[in-house]
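# Inside the fold
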Amino acid sequence: MFEMGIGLLFPVLSLISLIVFIIVLIKQFKHGGALQGIIGIITCGLWTFIWGWIKHKSLALTKIMIIWTIIQLTPLVLLGVFGAAMMGQMYKMVGDLTGDPSLLMKQDQNLKDRSAPIKLPKRRVKTAPAAKDTDWNAAAQALWQNGQYTDPNKAKDYWDKVIAANPKMAEAYNNRGLAFYNLERHQQAINDFSQAVRMKPQYAEAFNNRGNAYYALDQYEKAEADFNKSLELKPKYSKAHLNRGLAYFQMKKSEESCKDFRRACDLGDCDGLQWAMQSGHCK
Amino acid sequence: MRADRIKINRIRSGFFSPVLGPLVRNRQAIVLLAAVTVVQIALTAAGTIAWQCPVKSTLGVACPACGLTRAMVLFAQGQWKAAIDLHAFAPIFFGAGIFLVIGSILPARLQQKIANQIAAFERLTGIVGLLILSILAYWVLRIINLMNP
């Protein structure tokens, strides 16, 4: 509840930040000229922020600049106070509340599977989704760290209990599937992901995860089909682009592979592209 | 007819008006900008929270400079191709960042001299205006690319 309260703070702060930015930007256009204003817009507001502080005395912007500075510093301060894991959870809660369906717990961010020939750098991972009504759920989610379960056997047991209590919870099947995946019991993982997508056909993350499990079993055509489905449901899903790029790479579809790595990078996940460029796979 | 001509002249003078020159001339401004640039790059390189773009964080729409800091970090790490792929203007802004840091510690007289030369160059070429137009064109291309994978 506390995390949710803090988590709710972010959209409110973002909105205030946008309003303050617009106010200072108008002043910038008026007093600094069009060129200055345009630079303010194209630099994500950073130049407007600096300009605002330079001119704060002459244009009576001191109060508004203090507010803007506090808003910008708040996430950094909270990160220091609560730590990265808690912040990740807060951001995730905001995502849930604002209708973003990508529960990070359900994404497979673990590409370090031993059977995969590509060694990608470890990616930063946010923490698990909010617990609902059972302690087993929270206990299982607490085991999810850095893109995998710290104790997949225990996580699997906990998800068994969640599923026993609530057999219609697609997320639980998906998450147990991830535990099986971590245990390298890929066929059982596929069964769970399949159950999740049967219960929730719009579940892009579960399709992505099943694609990864097929990938681990070297069934690249099936993996590609699942990544395609995932991207059909969620076109801006960077992980699915990255994973499909890997599947294409295995299928010797070099051009498509590089295209997917680039697309994933455009969407903010550049690990694949960096690897592909360093290894000379993509130019 | 005359009003139109005045309007065109105003746009032209706006396009060619110096931005970097006066910035370099202002010690306070250049120190502040250099410090913010260094902090932004350091926070991004450390993988923690850096400057939050108010447009992207509220509306989800990427600004023309979104991804630029990450690209600059990649550029600094020697991953030039990846950097350019992430944001084509990374080398230019990386160079500008270095220039800002050096400019912020120059002796006053030399700083003024360089500022005057930059301002004259800007008036002559409209380099900042051209750069802005290029970034905007690049941004449009990126958005089109994102919409049509």
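What this report covers is the structure whose coordinates are included nearby. (Residues numbered from 1 in each chain as written. Chains lettered and ligands numbered in written order. Predicted model: local features only at pLDDT ≥ 70, side-chain atom pairs only at ≥ 80, totals over all residues.)

## Details of the interface of chain B and chain A
Our working rule: By the convention adopted here, residues are in contact when the distance between their C-beta atoms, placed from the backbone, does not exceed 7 Å. Where helices and strands are cited, they refer to DSSP runs of H or I of at least four residues and of E of at least two residues respectively, numbered from the N terminus. Side-chain classes are defined by residue name, with Ala, Val, Leu, Ile, Met, Phe, Trp, Tyr, Cys and Pro counting as nonpolar, Asp, Glu, Lys and Arg as charged, and the others, Gly among them, as polar.
Opposite the 35 residues of chain B that make contact, chain A presents 32 residues. Elements represented by at least two residues in the side of chain B that touches chain A include exactly α3 (27-45), α4 (54-59), α6 (80-86) and α9 (127-147) of chain B. Take the side of chain B that touches chain A: its biggest share by element is seven residues, from α9 of chain B. Class assignment for the residues of the side of chain B that touches chain A results in 22 nonpolar, 11 polar and two charged.

## A look at the nonpolar core
To keep things clear, this is the line we draw: Buried Ala, Val, Leu, Ile, Met, Phe, Trp, Tyr and Cys residues whose C-beta atoms connect them within 7 Å together make up a nonpolar core. As a rule, residues whose C-beta atom has 12 or fewer other C-beta atoms within 10 Å are exposed, those with 20 or more are buried, and those in between are partly exposed; C-beta atoms are placed from the backbone.
Judged by nonpolar contacts, the single largest core of 91 residues is most densely connected at F261 and L273 of chain A together with A71, M72, L86 and A90 of chain B. Leave out the neighbours within four places in its chain, and M72 of chain B touches I41, A90, F93, F94 and G97 of chain B.

## A word on the packing of helix α11 (residues 220-233) of chain A against helix α12 (residues 238-250) of chain A
All names here are of chain A. Heads up, the rule is: The axes are straight lines fitted to the C-alpha atoms, using for helices just the contacting stretch, and the angles between their N-to-C directions are given from 0 to 180°. Roughly parallel means an angle under 35 degrees; roughly antiparallel, over 145; roughly perpendicular, 65 to 115; everything else is oblique. Throughout, a crossing is termed right-handed when the near helix is turned clockwise from the far one, and left-handed when it is turned anticlockwise from it by less than a right angle.
In the contact formed by α11 and α12, the axes pass within 9 Å of each other and the chain directions differ by 155 degrees. Taken as axis vectors, α11 and α12 run roughly antiparallel relative to one another. Crossing of α11 against α12: the hand is left-handed. Of the residues in α12, those in contact with Y220, A223, E224, F227, S230 and L231 of α11 are A240, H241, N243, R244, A247 and Q250. Among the residues forming the contact of α11 with α12, the class breakdown is six nonpolar, four polar and two charged.

## Considering the packing of helix α5 (residues 68-76) of chain B against helix α7 (residues 90-104) of chain B
Any two packed helices are characterised by how steeply their axes cross, that is the angle between the axes, and by the distance between the axes. Residue and element names in this part refer to chain B. Between α5 and α7, whose axes approach to 9 Å, the crossing angle comes to 80 degrees. Viewed along their axes, α5 and α7 adopt a mutual orientation that is roughly perpendicular. On α7, the residues that touch L68, A71, M72, F75 and A76 of α5 are A90, P91, F93, F94 and G97. Grouping the constituent residues of the contact of α5 with α7 by class yields nine nonpolar, one polar and no charged.

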